[in-house]
Every structure is written in C-alpha cells, then in structure tokens.
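Below are the chains, spelled out letter by letter.
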Amino acid sequence: VQLVESGGGMVQPGGSLRLSCAASGFTFSGYDMSWVRQAPGKGPEWVSSIGPSGGSTTYADSVKGRFTIARDNAKNTLFLQMNSLKPEDTALYYCARAPAALALIWKKYWGQGTQVTVSS
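Keep in mind that this is a model prediction, so the values were computed, not measured.

(A) Main features of the side chain of R71. Checked against the element boundaries, R71 lands in strand β7 (residues 67-72). Nearest to the buried, unbridged R71 among oppositely charged side chains is D32, at 6.4 Å. At a separation of 2.7 Å, a polar atom in the side chain of R71 contacts the main-chain carbonyl oxygen of F28. A distance of 2.8 Å separates a polar atom in the side chain of R71 from a polar atom in the side chain of N73.

Okay, structure coming up:
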C-alpha cells in the first residue's frame, strides 16, 4: 500500500486548497478512503471518508459545508477540496486507506502527509 499526498501549502483565512492522494499497491476502487489531520501538539482528527464508488461521503462537523471529498477510481486518486479555510484547519493532512471508524487506528495505512497552514 502506497499513498502519496500533495497539494498542501500556506493560504490566507478564507482561501482554498485542493489536496490529492495518489494510491498504488492495492485495488483502489475496492476500498473506503479517508482523510485525517493532526494539528501541532494535538492528537489526530478524522476529517472525512468516502465509499468505494464515491457515492457515500461523511464529514466531521468541524469541516462540514466547507470541505468536499471525492475520488477518481480510474486514476487511483483521492481528493479533498477545502474552501473557507480557517486558522484552526492548520494541520498535517493524511490520506488513509480505511473507513471512518478505523481511520484513526490503522495508521500503517496512512500516507506521509501534506502540510496545510492557514495564516494571515
């Protein structure tokens, strides 16, 4: 299992970023996928999950209405569109091959992470 995140960076409050996660080493279309994040000095937080076909999505209350998870099974890629970013969204964002209930437990199925910093 290999997961490689990209798209992070620094953005001002209210701005947007789109994260991508390139997956390989497994049948991407057969698995639930998730995004989790970890802010400095805090424990990991589940952000969002998506079913294998992309038809089922769930979000943490903290990002609902601002973030959108999506996937392209033809390209083995997971996305996270982040709008209306807030300073409290600052964190290292990880792509995870796991459903929502296990995303914080199966750390061996996380990527290396991409840093998102929201600051003026």
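(B) Representation of the sheet that holds strand β9 (residues 91-96) in the model. With mixed pairing, the 6 strands of this open sheet are ordered in space as β2-β10-β9-β4-β5-β6. Of all the strands in the sheet, the pair left with one neighbour each is β2 (9-11) and β6 (57-59). For this sheet, the mean inter-axis angle between neighbouring strands, taken without regard to orientation, is 25 degrees. In terms of strand pairing, strand β4 (residues 33-38) meets strand β5 (residues 44-50) through 6 bridges, oriented antiparallel. The partner of R37 across the bridge, within β5, is E45.

(C) Expanded view of a nonpolar patch on the surface. Together, L104, I105 and W106 give the surface a local cluster of nonpolar side chains, amounting to about 280 Å² of exposed area. In this structure, I105 sits in the loop between β9 and β10 (114-118). According to the relative accessible area criterion, I105 is exposed, its value standing at 59%.

(D) Region of interest: the pairing of strand β1 (residues 2-6). What you see with β1 is a clean split: L3 and E5 sit on the buried side and Q2, V4 and S6 on the side with no burial. Summarising the sheet, β1 and strand β3 (residues 17-24) pair through 5 bridges and their orientation is antiparallel. Note on β3: the bridge partner recorded for Q2 is S24.

(E) Quick peek at the packing of aromatic side chains. Within the structure shown, the criterion is met by 4 aromatic pairs. For the ring pair F26 and F28, a centre distance of 6.3 Å and an interplane angle of 55 degrees mean the geometry is tilted. Judged by its relative accessible area of 14%, F26 is buried. Look at F28 and you get buried, because its relative accessible area is 1%. Note on W106 and Y109: the rings are 5.9 Å apart at their centroids and 80 degrees apart in plane angle, and the pair reads as edge-to-face. Members of the aromatic cluster, connected to one another through ring pairs, are F26, F28 and Y31. Residue placement shows R18 over the ring face of F79; its charged tip is 4.0 Å from the ring centre. If you follow R97 out to its NZ or CZ, it ends over the ring of Y31, 4.0 Å from the centre.

(F) Summary view of the nonpolar core. Grouped together as the largest cluster of nonpolar side chains are 26 residues, with contacts concentrated most on M33, W35, F67, L78, L80, M82 and Y93. If you look at the next biggest cluster of nonpolar residues, it comprises 6 residues, including Y94, A96, A98 and A103.

So, how was this worked out
- Residues numbered from 1 in each chain as written.
- Predicted model: local features only at pLDDT ≥ 70, side-chain atom pairs only at ≥ 80, totals over all residues.
- Heavy atoms only, no water.
- Helix = DSSP H or I, 4+ residues; strand = E, 2+ residues; numbered from the N terminus.
- Buried < 20%, exposed > 50% of the residue type's maximum accessible area, 1.4 Å probe, protein only.
- Lys, Arg positive; Asp, Glu negative; His and termini not counted.
- Salt bridge = Lys/Arg side-chain N within 4 Å of Asp/Glu carboxyl O.
- Polar contact = N/O pair within 3.5 Å; in protein donor to acceptor, adjacent residues only side chain to side chain.
- Pairing = 2+ DSSP bridges.
- Axes fitted to C-alpha atoms, helices over the stretch in contact; angles between N-to-C directions.
- Patch = residues over 30% accessible without salt bridge, like charges linked within 9 Å, V, L, I, M, F, W, Y side chains within 5 Å.
- Areas by Shrake-Rupley, 256 points an atom, 1.4 Å probe, with all protein chains shown as cover.
- Phe/Tyr/Trp six-rings, centres within 6.5 Å; stacked < 30°, edge-to-face > 60°.
- Lys NZ or Arg CZ within 6 Å of the ring centre and 35° of its normal.
- Core = buried A, V, L, I, M, F, W, Y, C linked by side-chain atoms within 4.5 Å.

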